[in-house]
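Breakdown of the fold
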Amino acid sequence: MHRDASPRRYLMCPPAHFRVTYSINPWMDPAKPVDLRLALTQWEDLRDRYLSLGHTVELLEPQPGLPDMVFAANGATVVDGRVLGARFAYPERIAEAALHRAWFLDHGFTDVKEPDHVNEGEGDFAVTASYLLAGRGFRSSPLSHPEAQEFFGRPVIGLDLVDPRYYHLDTALSVLDEAADEVVYYPGAFSPGSQAVLRRLFPDALLAGEQDAAALGLNAVSDGRHVLLPQAAVGLFDPLRDRGYDPIGMDLSELLKGGGSVKCCTQELRPAPAATR
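Attention here is on the structure that accompanies the text. (Residues numbered from 1 in each chain as written. Predicted model: local features only at pLDDT ≥ 70, side-chain atom pairs only at ≥ 80, totals over all residues. Heavy atoms only, no water.)

Some words on the sheet that holds strand β2 (residues 56-59)
The sheet built from three strands is open, its strands ordered β2-β1-β15 with mixed pairing. Whereas interior strands pair on both sides, the edge strands pair on one side only; in this sheet they are β2 and β15 (267-268). Sheet analysis places strand β1 (residues 9-12) next to β15, joined by two bridges and oriented antiparallel. In the strand pairing of β15, leucine 11 is matched with glutamine 267. Where helix α1 (residues 36-52) meets the sheet, its contacts fall on β1 and β2, and the angle it forms with β1 comes to roughly 165°. (Pairing = 2+ DSSP bridges. Helix = DSSP H or I, 4+ residues; strand = E, 2+ residues; numbered from the N terminus. Contact = heavy atoms within 4.5 Å. Axes fitted to C-alpha atoms, helices over the stretch in contact; angles between N-to-C directions.)

Overview of empty space enclosed by the protein
Going through the model one piece at a time under the given rule, you end up with four cavities of 30 Å³ or more. For the largest cavity, the calculated volume is near 220 Å³. Every residue lining the largest cavity is counted, 20 residues in all, and those nearest its centre are Val175, Ala220, Lys263, Glu268 and Arg270. Looking at the lining of the largest cavity, the elements with two or more residues in it are β6 (125-127), β9 (173-177) and β12 (221-222). For the lining of the largest cavity, the element with the most residues is β9, which contributes five residues. Among the residues making up the lining of the largest cavity, the classes are represented as nine nonpolar, three polar and eight charged. One number sums up the size of the second largest cavity: a volume of about 60 Å³. As for the second largest cavity, its lining consists of Ile24, Asn25, Asp68, Phe71, Asn74, Arg93, Arg139, Tyr167, His168, Gly258 and Cys264. Tallied by class, the residues present in the lining of the second largest cavity amount to four nonpolar, four polar and three charged. (1 Å grid on protein atoms, 1.4 Å probe; cavity = no way out; pocket = protein on both sides within 12 Å on 5 of 7 lines; lining within 4 Å. Points joined across faces, edges and corners; volume = space filled by probe spheres on them. Nonpolar A, V, L, I, M, F, W, Y, C, P; charged D, E, K, R; others polar.)

Examining helix α2 (residues 94-106)
The complete set of buried residues in α2 reads Glu96, Ala97, His100, Arg101, Trp103 and Phe104. Buried positions in α2, seen along its axis, are confined to an arc of 155° and lie on one side of it. When the buried face of α2 is taken as reference, the exposed residues oriented beyond 90 degrees from it are Leu105 and Asp106. (Buried < 20%, exposed > 50% of the residue type's maximum accessible area, 1.4 Å probe, protein only. Arc of directions from axis to C-beta.)

Some words on the nonpolar core
Ranked by internal contacts, the top residues of the largest apolar core, which has 34 residues, are Leu133, Leu173, Phe190, Leu229, Leu236 and Leu240. When residues of this core are traced back to their parent elements, those giving at least two are β8 (156-160), β9, β10 (182-185), β13 (226-230) and α6 (237-242). Residues within four places of leucine 173 in sequence aside, it is in contact with Ala126, Leu133, Val183, Val184, Tyr185, Phe190, Leu198 and Leu218. Residues Ala39, Tyr50, Val70 and Met250 belong to the second largest nonpolar core, which totals 23 residues. (Core = buried A, V, L, I, M, F, W, Y, C linked by side-chain atoms within 4.5 Å.)

Read these as spatial facts, not as claims about activity.
Set out below in structure tokens:
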């Protein structure tokens, strides 16, 4: 199957102040030092790969004292040019939300909502043509789901995460083809009921095994053809190729020490539909 890539616009934040001095997920161990120079090199490799594929990368200015800003996906969710901001669960990250909202307001986005309930942006929201998939259980509040549905006017499907290693939806599920409602996910990250919902909605989904999930292989970004994912998730490469995708392995091992990889570093800026711009 031949697949076509579509140009995307992404928001990223350089890891200028990245370090692990606290632990708010099972991946974070303050006893393990971070090589900041290597982290920056790995991040630049990801940014440059997006540019080489014809995508646009916008930059959010990193701020001292906010080491997790590099995980830009958590700062908002953008659908049809409308921005639902984040409200972080942990005090260590709360200040990031206002910086994201300010960026959007400074860059021509006029419909920007500060949420009432805790959500961590694209960490727990995944967009397909038919649904807004919404994770809950560790970070985002279930109350954020109706709030997002009302704001975006899209049906929200709540999914319960049960394994603390997969504390955000974007560590357990990735959208491969937004227009075709095609996803890949790790069943073991979800409750039995949520697994049943995913099977019903996505009967042809690609299922990841435990080893690839544990390499954060689901923390991936797809443009409809190219799938950028952690290079250690070796078991996903051939199944992706069999479905017509071009998997591209990335080494973000230093950023993995903070519990994030390709998707965590990448917020997608989905434009308004052409007819309504």
